[in-house]
2 protein chains.
Amino acid sequence: MQQAARIQGLLAPVVTPFKADLRVDPGRLISHCRWLLTQNCGLAVFGTNSEANSLSVRERMALLDALLAAEIDPGRMMPGTGCCALPDTVRLTRHAAQAGCAGVLMLPPFYYKGVSEDGLFRYFAEVVERVGDARLRIYLYHIPPVAQVGITPTLVERLLKAYPSAIAGMKDSSGDWNHTKTFLDGFAQSGFDVFVGSESFLLANLRNGGVGCISATANVNPAAIDQLCREWKNPGADARQAALNAVRHAVAQFGMIPALKQVVAHYARDPDWVTLRPPLVQISNTQVKTVIDALEKLSFRMPGLACILHQPN
Amino acid sequence: MQQAARIQGLLAPVVTPFKADLRVDPGRLISHCRWLLTQNCGLAVFGTNSEANSLSVRERMALLDALLAAEIDPGRMMPGTGCCALPDTVRLTRHAAQAGCAGVLMLPPFYYKGVSEDGLFRYFAEVVERVGDARLRIYLYHIPPVAQVGITPTLVERLLKAYPSAIAGMKDSSGDWNHTKTFLDGFAQSGFDVFVGSESFLLANLRNGGVGCISATANVNPAAIDQLCREWKNPGADARQAALNAVRHAVAQFGMIPALKQVVAHYARDPDWVTLRPPLVQISNTQVKTVIDALEKLSFRMPGLACILHQPN
């Protein structure tokens, strides 16, 4: 069976909107996904910055179904499906594969700490075997500052050997370029697609055989990041990289997830966007003002956002 | 409404048996719970050592229902119900409260790290409000080596003030006696029940106003731990504590959860007990032999276990 071309370039871990009573808000999620697609940004729904780990399995499946029902292209989606419990990961992964998603972004099981590489291999192997779908493409998700449990080069080597079709790549959110470089040097040439978890490393990643980035900031600054993905070989790439870094710094200075929602709310003129599920909490009004002022100084805009977000669904 | 006397003394985070295909095994779980009750040991089902975080919400609910159907007394149960996602925690907690469980043991949401105390307060407050059941008794679960996210004294103070009936106590698995002492000194006199997470600290806990322990080793050594709970004021308590420590050390030397299952399998003469869900893996045969030999040297026994485990359910 011939596999379609793999998803590459820019994806956003799409922020998840909640209603005032903390229920998920499919309408606003659909609108935000539509806007991201107009900016040539793929949809890594249910990532860390989507508050996916604050959603139940049922909520994630219902939201994916709502996106599909709204005719959002699954070929542009890479839902997060990695949970602590094997049956949950299998259920979400099977659902995504059957929906025709371009791939799934899979956290390792993250509750038990100090687990062996053998245990992690067995876990991912069980997922692949139980899902049993030739369309499955797994992107391993390495984010040790949050998950603590990580993905090692020897684990990737074993998984690639056992499941060369299913293991498609990884997202490296270590924030450690030397770590990313190890994976690029070891596996990129064999078709293992490395995404960095922050656009700060985008140019370095593309210059060393990586394929793109899956970054929180893509929720608000997709066009400029996408442009670097496409034009990284052209003159001016380093200046573009510096401009991306400035926006990222302005947004993230008081905590990424609450700030992203505030920025979307501000530029969409839609204050209901700011709700977070506990344990996450709002940043202060003063902090919000500092973020927006910093972005204004950078002449930051989110073109077309307000129009799309105010469409009826 | 008059509340019944609170659960105290010894509880086991009951190990969860799996079939060869990794499905949960309700029959063996029921048998093990029955044996623990004969040893005067309460049932903290779905704890860390139960591999609860490797179970789906549906599996936990179905197992609790199976225990209730087998007429295991919910007044002797404290199921673990704390998940990353608020709706999951609410669902499991409501189910346990409605079943008449003595309490629930609640992890904080543990995916996002560095969350604020305010965010954790809001999280637990939402659980209490949404469950909305006067029978609810929450035991906050502090296990920073695993969950990373912990319970602070000021969080307990705020929660006790807001929900004096629902917030019943805590399990401290920090392994740091000074930490436990801070909670005992601050809250024990006001009726906040402190359990230690290891019987190593049992005597110290009881001497300082604590109410018992919820310990992995209770799965295999319940009678002796229970005896110290009841006779801690009598002469010989320090020698009993030393004997408990020796058994704990023998069991845990190569990793607690796989060893517990091996010890149950050995003394129940039931080799099917040893299966773990990935990412956890078996200890080696040599390690198993070392554990069993060490226990034999201590004249360790699990009286009555084999009879109960081989009863038809």
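Residue numbers restart at each chain and count upward from 1, following the sequence in its written direction. As a convention, the first chain written is A and the first ligand written is 1, with the rest following in written order. Confidence filtering applies because this is a predicted model: local features only for residues at pLDDT of at least 70, side-chain atom pairs given and counted only at 80 or more, and all residues used for totals across whole chains, interfaces and linings. Side-chain numbers here rest on the full set of heavy atoms in the structure, without hydrogens or water.

Q: Explain the state of the cysteines to me, please; I cannot follow it from the model alone.
A: Here, the term disulfide refers to a pair of cysteine sulfur atoms separated by no more than 2.5 Å. In the structure shown here, the tally under the stated rule is zero disulfides over all chains. Cysteine C41(A) is unpaired, with the sulfur of C213(A) as its nearest cysteine sulfur at 8.4 Å. With no disulfide of its own, C101(B) lies 11 Å from the sulfur of C33(B), the closest cysteine sulfur. Partly exposed residues are those whose accessible area sits between 20% and 50% of the maximum for their type, while under 20% is buried and over 50% is exposed, using a 1.4 Å probe and protein chains only. What makes C101(B) buried here is its relative accessible area of 9%.

Q: So what exactly am I meant to see when it comes to the pairing of strand β5 (residues 167-172) of chain A here?
A: Side-chain positions along a regular strand alternate between the two faces of the sheet. Residue and element names in this part refer to chain A. When you tally the buried positions in β5, you get six out of six residues, the bulk of the element. Alignment of strand β4 (residues 138-142) against β5, held across five bridges, turns out to be parallel. Its bridge partner being in β5, Y139 is matched across the sheet by G169. Any two strands with at least two DSSP bridges between them are considered paired. Each helix is a run of DSSP H or I of at least 4 residues and each strand a run of E of at least 2, with the numbering of both proceeding from the N terminus. The pairing of β5 with strand β6 (residues 193-196) spans four bridges and is classified as parallel. By the bridge assignment, K171 is partnered in β6 with F195. Handedness of the β-α-β unit built from β5, helix α7 (residues 177-187) and β6 comes out right-handed. Handedness rule for crossovers: strands pointing away from the viewer, path from the first strand over the helix to the second running clockwise, crossover right-handed.

Q: Explain the confidence of the model for chain A here, please?
A: Reading fine detail from the predicted coordinates is not recommended where pLDDT is low. This prediction gives chain A a mean pLDDT of 96; 97% of its residues lie at or above 70. Taken over the whole predicted complex, pTM reads 0.97, whereas the ipTM for its chain interfaces reads 0.96. Known as pLDDT, the predictor's per-residue confidence is scaled from 0 to 100.

Q: Please clarify how the relation of the copies chain A and chain B should be interpreted in this entry.
A: Between the two copies of the chain lies a rotation about an axis combined with a shift along it. Superposition of the copies used a least-squares fit over C-alpha atoms from residues whose pLDDT is at least 70 in both. Of the two same-sequence chains, chain A is brought onto chain B (RMSD 0.0 Å, axial shift 0.0 Å) by a rotation of 180 degrees. These values place the two chain copies in the arrangement generated by a two-fold rotation axis. Scanning chain A for the C-alpha nearest the rotation axis identifies Y111(A), at a separation of 4.1 Å. Working rule for contacts: check all heavy atoms of both residues, and any pair within 4.5 Å makes them a contact. Comparing interface residues between copies, 100% of those in chain A also sit at the interface in chain B, which points to an isologous, same-surface contact.

Q: So what exactly am I meant to see when it comes to the sheet that holds strand β1 (residues 9-12) of chain A here?
A: Strands pair in a sheet through their backbones, by hydrogen bonds, and they do so in one of two ways: parallel or antiparallel. All names here are of chain A. In space, the seven strands of this open sheet follow the order β2-β1-β7-β6-β5-β4-β3, with parallel pairing throughout. Edge positions in the open sheet fall to β2 (42-43) and β3 (104-106), since each of these has one partner strand only. Sheet contacts for helix α9 (residues 222-231): β1 and β7 (212-214); angle to β1, the most-contacted strand, approximately 155 degrees. What counts as an axis is a line fitted to C-alpha atoms, over the stretch in contact for a helix, and the angles between N-to-C directions run from 0 to 180 degrees.

Q: What is the right way to read the sheet that holds strand β2 (residues 42-43) of chain B from this model?
A: The strand order across the open sheet built from seven strands is β2-β1-β7-β6-β5-β4-β3 (chain B), with neighbouring strands paired in parallel fashion. With partners counted over all chains shown, the strands left at the sheet margins are β2 and β3 (104-106) of chain B, one partner each.

Q: What's the story with the pattern of salt bridges in this structure? I'm lost.
A: Should the charged atoms of two oppositely charged side chains come close, the side chains can pair. Any Lys or Arg side-chain nitrogen located within 4 Å of an Asp or Glu carboxyl oxygen qualifies as a salt bridge. Enumeration according to the criterion identifies 35 salt bridges over all chains in this entry. K289(A) is the partner of D293(A) in a salt bridge, and the nearest nitrogen-oxygen pair spans 2.8 Å. Taken together, the residues span about one helical turn, with D293(A) and K289(A) both in helix α12 (residues 285-297) at a distance of four residues. Classification of D293(A) by relative accessible area gives partly exposed; the value is 36%. For K289(A), a relative accessible area of 53% puts it in the exposed group. E126(B) is the partner of R130(B) in a salt bridge, and the nearest nitrogen-oxygen pair spans 2.7 Å. Taken together, the positions of R130(B) and E126(B), both in helix α4 (residues 117-131) and four residues apart, correspond to about one turn of that helix. Residue E126(B) is classed as partly exposed on the basis of its relative accessible area, which comes to 21%. A single salt-bridge network, built from bridges that share partners, covers D25(A), R28(A), D270(A) and D272(A).

Q: Looking at this structure, I do not really get the interface of chain A and chain B. What am I missing?
A: Many analyses report the size of an interface as the accessible area lost when the parts associate. With 45 residues of chain A in contact, the opposing surface of chain B contributes 45 residues. At the boundary of chain A with chain B, total buried surface from both sides reaches about 3,400 Å², with 63% on carbon and sulfur atoms. When the buried area of chain A at its contact with chain B is split by residue, Y111(A), Y112(A) and P279(A) rank highest and sum to 23% of it. Counting every contact that joins chain A to chain B gives zero salt bridges. Of all elements in the fold, only α2 (57-69), α3 (86-98), α4 (117-131) and α5 (144-147) of chain A reach the threshold of two or more residues within the side of chain A that touches chain B. Element by element, the count of residues in the side of chain A that touches chain B is highest for α4(A), at seven residues. Lys, Arg, Asp and Glu make up the charged group, whereas Ala, Val, Leu, Ile, Met, Phe, Trp, Tyr, Cys and Pro make up the nonpolar group; the residues left over, Gly among them, are polar. In terms of residue class, the side of chain A that touches chain B is built from 25 nonpolar, eight polar and 12 charged. As a working definition, buried area equals the accessible area (1.4 Å probe) given up by two parts on being put together, with both sides summed.

Q: Explain the packing of helix α11 (residues 256-268) of chain B against helix α12 (residues 285-297) of chain B here, please?
A: Angle between the axes and distance between the axes are the two parameters that describe a pair of packed helices. Residue and element names in this part refer to chain B. At a minimum axis separation of 10 Å, α11 and α12 run at an interaxial angle of 65 degrees. Judged by the twist between their axes, the crossing of α11 over α12 is right-handed. Every residue of α12 that contacts α11 at Q262, V263, H266 and Y267 is listed here: V288, V291, I292, L295 and E296. Residues that form the contact of α11 with α12 fall into these classes: six nonpolar, two polar and one charged. For a crossing to be left-handed, the near helix must be turned anticlockwise from the far one by less than a right angle; the clockwise case is right-handed.

Q: How should I be thinking about α11(B) in this particular structure?
A: In an α-helix, one full turn covers 3.6 residues, which means residues spaced three or four apart are oriented alike. Residue and element names in this part refer to chain B. With 13 residues, α11 extends 18 Å from end C-alpha to end C-alpha; this agrees with the ideal 18 Å at 1.5 Å per step. Most of α11 sits inside the fold, with 12 of its 13 residues counted as buried. When we look at burial in α11, the residues that qualify are M256, I257, P258, A259, L260, K261, Q262, V263, V264, A265, Y267 and A268. Two residues or fewer past α11, R269 is found with a positive phi of approximately 50 degrees. The span one expects for a helix is its residue count, reduced by one, times 1.5 Å.

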